[in-house]
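Given next are the chains, with one letter for each unit.
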Amino acid sequence: MSNEFVHSVTVPRIYKITADIVRRVREDGASLKTLIYEKKHPNVAGIYGLAVNTLQALPQLDQLFDKTQILTEQPRLNPWLARVLITELLWRKRCLKNRSKPVLTVLAYENKLREESINLGYIETFVDHKDKVKRPRYVRVNTLLLTVEEAISFFQQDGWQLLPKSTTYSSYLQSLSQLSKPYFIQDLHIPEILAFPSSTIFHDHSGYRDGKLILQDKASSLPVHLLNPISGSTVLDMCAAPGMKTTHVAAKLQNNGKVYAVEIDAKRFKILITQLEKTHALCVEPLNQDVLTLDPKLYSYVEYILVDPTCSGSGIIDRPKQSDMDGMPEPKRLKNLQSFQVYLLRYALFNFPNAKRIIYSTCSLHPEENEEVVDEVLANVGNAYRLLPVRQLLKNNWTNFSSKKYNCGDLCLYSKPNDDFCNGFFVAVFERNFDVILPKCKLKGGNEYMNLIETNLNIKKDDMAKTFAHQQEKCEKKKKKKKKKKKEEKEIISMNNEQMKISADIVEFKVLDVDSKIKAKSKKEEFEKIDVCNDSFNFNYKVLNESKDIQKETLDVMEMKKSRKKRKSKHENIFQELIMTKKEQTKEIEIELPKIKKKKENKEIKIDKIQQVEIESGKNCNWTIKEEEKK
Ligand SMILES: C[S@@+](CC[C@H](N)C(=O)[O-])C[C@H]1O[C@@H](n2cnc3c(N)ncnc32)[C@H](O)[C@@H]1O
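Going by an unreviewed UniProt entry, the protein chain carries the name SAM-dependent MTase RsmB/NOP-type domain-containing protein and comes from Atta cephalotes. According to its UniProt record, the protein chain has this under Sequence similarities (unreviewed entry): "Belongs to the class I-like SAM-binding methyltransferase superfamily. RsmB/NOP family."

Next up, the structure:
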């Protein structure tokens with residue numbers, strides 16, 4: 001029997017069902033949507049929202065369990081139900097009206113839970129930000145086309161009034177939260193960012209149309225602000241489209257320097273190109289390819305790198321509904337994304353020896369895509385890189401950082417919709433320590449990587465094929481070259497065989513010739529003549545040996561064997577014929593030929609004997625060659 005509460009007031013079904021769904025998604029990797037429809041509960045939307053929010057908050061809930069000891073002290077409380085109830089209490093409805101035992105138990109810990117939640121910095125960060133936040137309309141002034149002062153003055157001419165500059169982050173946020181027409185404010189951290197009331201529409205503004213104003217959220221401008229490349233430097237943007245950060249870098253450099261903007265997806269690449277043209281980002285060289293196919297040797301002078309990979313997008317406030325799960329990807333997808341992100345970040349850190357600063361950023365609020373990625377890569381790089389404390393880079397004017405629970409500690413930045421009035425974002429700043437040699441790190445197999453790309457980017461296979469066409473082309477060229485070389489070798493071999501054949505024929509001819517002439521001569525004389533043949537044979541062998549350095553492969557030996565065999569049978573046939581016709585007048589002579597060594601090939605071809613050169617008295621002579629090969 002279960003150890004759980006037996007109670008007269010029952011727990012609302014919506015909580016029970018959600019608890020079961022969350023458990024199965026987490027433990028079995030089951031699909032949230034399928035489970036919800038399976039339950040056939042009338043309040044599908046309510047269950048969905050609560051389940052998503054609970055799943056989002058799982059790491060924080062575990063920490064709260066740890067801090068409050070609620071599960072240890074209340075062993076009969078079902079942990080999954082507790083998670084759902086706490087989520088509802090702290091971050092959703094902020095109250096629990098039901099009076100069932102589990103609910104009363106959680107309520108007994110309410111103060112403790114709220115306190116710890118504040119201590120851990122979790123208040124209002126994970127849940128429902130999409131409904132609550134009134135995000136200002138951010139505009140980035142494209143300083144390639146006009147100065148910030150010019151932009152401000154244009155807006156003022158349009159009737160807008162600039163609020164006085166804030167000196168602290170809290171006073172800035174205060175102004176931001178109360179922003180209403182006709183006021184606008186210059187961002188505290190990024191001077192080229194201006195914030196307008198959330199209802200402001202700029203899509204028809206002439207400044208937006210001709211690339212002077214860029215509608216870019218403040219959070220997405222933080223990575224380049226923190227990268228801070230100096231004028232004249234070389235920057236690699238590893239995941240560039242649609243080009244918000246690329247154009248921001250170009251503006252920072254004032255087009256003085258070089259930006260390589262790499263984008264794997266063909267369609268997104270087109271958007272990138274349009275954006276570059278529109279903003280006059282002239283120092284950018286766009287590259288439509290997988291960044292991992294770049295030859296790092298050709299880009300070894302890159303000094304700054306942006307790694308802004310595909311992520312769950314869970315921090316984006318106005319993100320259109322995702323296919324299955326709005327804002328909460330199933331754990332499997334998160335894992336996939338994480339492997340892919342680790343892969344790219346590792347590639348950036350290990351392959352560019354002159355990179356002094358590398359930014360890793362995501363628009364996700366999931367630690368799996370942020371702190372966990374940074375920790376994994378940090379573990380590989382040793383002291384060759386260190387994380388710069390973003391708190392200091394922003395002059396202590398920031399409040400949300402990575403969790404101390406991870407090795408990266410609170411060195412990285414989070415922006416959180418409800419606190420910072422911008423999209424949820426994560427930024428880590430890696431700085432190279434040139435005193436330490438960069439360790440070697442090999443990337444894992446290509447197939448695994450291809451799968452990750454396909455899963456994470458939803459790039460059509462033909463797009464991928466296009467991206468990798470360059471690589472394949474290279475491969476093909478190599479293959480063709482190899483084939484050509486082999487063909488040439490074969491030709492030389494067959495030429496040599498031909499040579500051999502000619503040699504043999506010459507020998508044969510000479511032997512036959514000699515035979516015909518020595519009919520009546522003594523045995524001694526016959527030997528002399530045949531020695532002449534041997535010399536001729538040797539001469540031809542020498543010719544053959546001159547090209548032997550090409551005959552590296554065993555193939556040539558095989559070829560030679562073949563042609564020898566052919567000749568052997570040819571001569572044997574002649575011999576047979578002769579035997580048949582001139583049987584009665586044969587003499588037997590045995591001649592030893594010298595060994596002929598093919599040194600370079602380390603093979604020895606021994607012309608063992610010209611055996612049984614049968615000299616038919618006064619008419620014909622025949623011979624066979626026995627060949628031995630030694631390796
Ligand atoms: C989050 S978006 C980048 C947003 C961009 N940095 C900006 O600020 O506008 C990630 C982009 O990286 C691209 N991407 C993902 N993997 C890539 C790879 N291996 N090589 C090049 N681009 C890649 C995706 O197609 C996608 O367009």
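Anyway, onward from the coordinates.
S.K.: Hey, could you run me through the side chain of Asp420 in this one?
M.R.: Relative to the helices and strands, Asp420 is located in helix H19 (residues 417-420). As a buried residue without a salt bridge, Asp420 has its nearest oppositely charged side chain in Lys218, at a separation of 6.8 Å. Of note is the side chain of Asp420, whose polar atom sits 3.1 Å from the side chain of Asn400. The contacts of Asp420, once residues within four sequence positions are left out, are Tyr138, Tyr169, Leu173, Leu176, Trp398, Thr399, Asn400, Tyr414 and Ser415.

S.K.: Can you walk me through the UniProt feature "active site" (unreviewed entry) in the protein chain in this structure?
M.R.: Feature annotation in UniProt assigns "active site" (unreviewed entry) to the following positions: Cys363. When you line up the elements, Cys363 lands in the loop between strand S10 (357-362) and helix H17 (371-381). Residue class for Cys363 comes out buried when judged on its relative accessible area of 16%. Apart from residues no more than four positions distant in its own chain, Cys363 is found in contact with Cys311, Gly313, Ser314, Gly315, Ile316, Gly424 and Phe425.

S.K.: Teacher, can you tell me more about helix H6 (residues 79-91) here?
M.R.: The α-helix winds at 3.6 residues per turn, so residues separated by three or four positions along the chain end up facing the same way. Over its 13 residues, H6 runs 18 Å from end to end, which matches the ideal 18 Å to within 8%, given 1.5 Å per residue. Here H6 lies mainly inside the structure; 12 of its 13 residues are buried. Listed as buried for H6 are Trp80, Leu81, Ala82, Arg83, Val84, Leu85, Ile86, Thr87, Glu88, Leu89, Leu90 and Trp91. Each element contacted by the buried residues of H6 is listed here: helix H1 (13-28), helix H3 (44-56), helix H4 (58-68), helix H5 (70-73), helix H7 (101-108) and helix H8 (110-119). N-cap assignment for H6: the residue whose side-chain oxygen lies 2.7 Å from the backbone N of Trp80 is Asn78.

S.K.: I keep staring at the sheet that holds strand S2 (residues 161-162) and nothing clicks. Help me out?
M.R.: Within a beta sheet, neighbouring strands are joined by backbone hydrogen bonds and run either parallel or antiparallel to one another. Overall, mixed pairing links the five strands, which are arranged S2-S3-S4-S1-S5 in an open sheet. Lying at the two open borders of the sheet, with one neighbouring strand each, are S2 and strand S5 (213-214). Against the sheet, helix H11 (residues 169-177) makes contact with strand S1 (137-141), strand S3 (183-186) and strand S4 (193-196), and its axis sits at roughly 155 degrees relative to S3, the strand it touches most.

S.K.: Could you clarify how one ought to interpret the nonpolar core in this entry?
M.R.: Counting 47 residues, the largest nonpolar core has Tyr138, Leu176, Val249, Val284 and Val427 as its most contacted members. Elements with a contribution of two residues or more to this core: H11, S4, helix H13 (218-227), helix H14 (244-253), strand S7 (258-262), helix H15 (266-279), strand S9 (304-307) and strand S13 (425-432). For this core, the domains that each give at least three residues are domain 2 (137-215) and domain 3 (219-455). With 43 residues, the next largest nonpolar core counts Ile305, Val307, Tyr414 and Leu438 among its residues.

Calculation notes
Residues numbered from 1 in each chain as written. Predicted model: local features only at pLDDT ≥ 70, side-chain atom pairs only at ≥ 80, totals over all residues. Heavy atoms only, no water. UniProt positions renumbered as here; feature names shortened; annotations may be inferred. Helix = DSSP H or I, 4+ residues; strand = E, 2+ residues; numbered from the N terminus. Buried < 20%, exposed > 50% of the residue type's maximum accessible area, 1.4 Å probe, protein only. Lys, Arg positive; Asp, Glu negative; His and termini not counted. Salt bridge = Lys/Arg side-chain N within 4 Å of Asp/Glu carboxyl O. Polar contact = N/O pair within 3.5 Å; in protein donor to acceptor, adjacent residues only side chain to side chain. Contact = heavy atoms within 4.5 Å. Expected span 1.5 Å × (residues − 1). Pairing = 2+ DSSP bridges. Axes fitted to C-alpha atoms, helices over the stretch in contact; angles between N-to-C directions. Core = buried A, V, L, I, M, F, W, Y, C linked by side-chain atoms within 4.5 Å. Domains from an automatic or database assignment.

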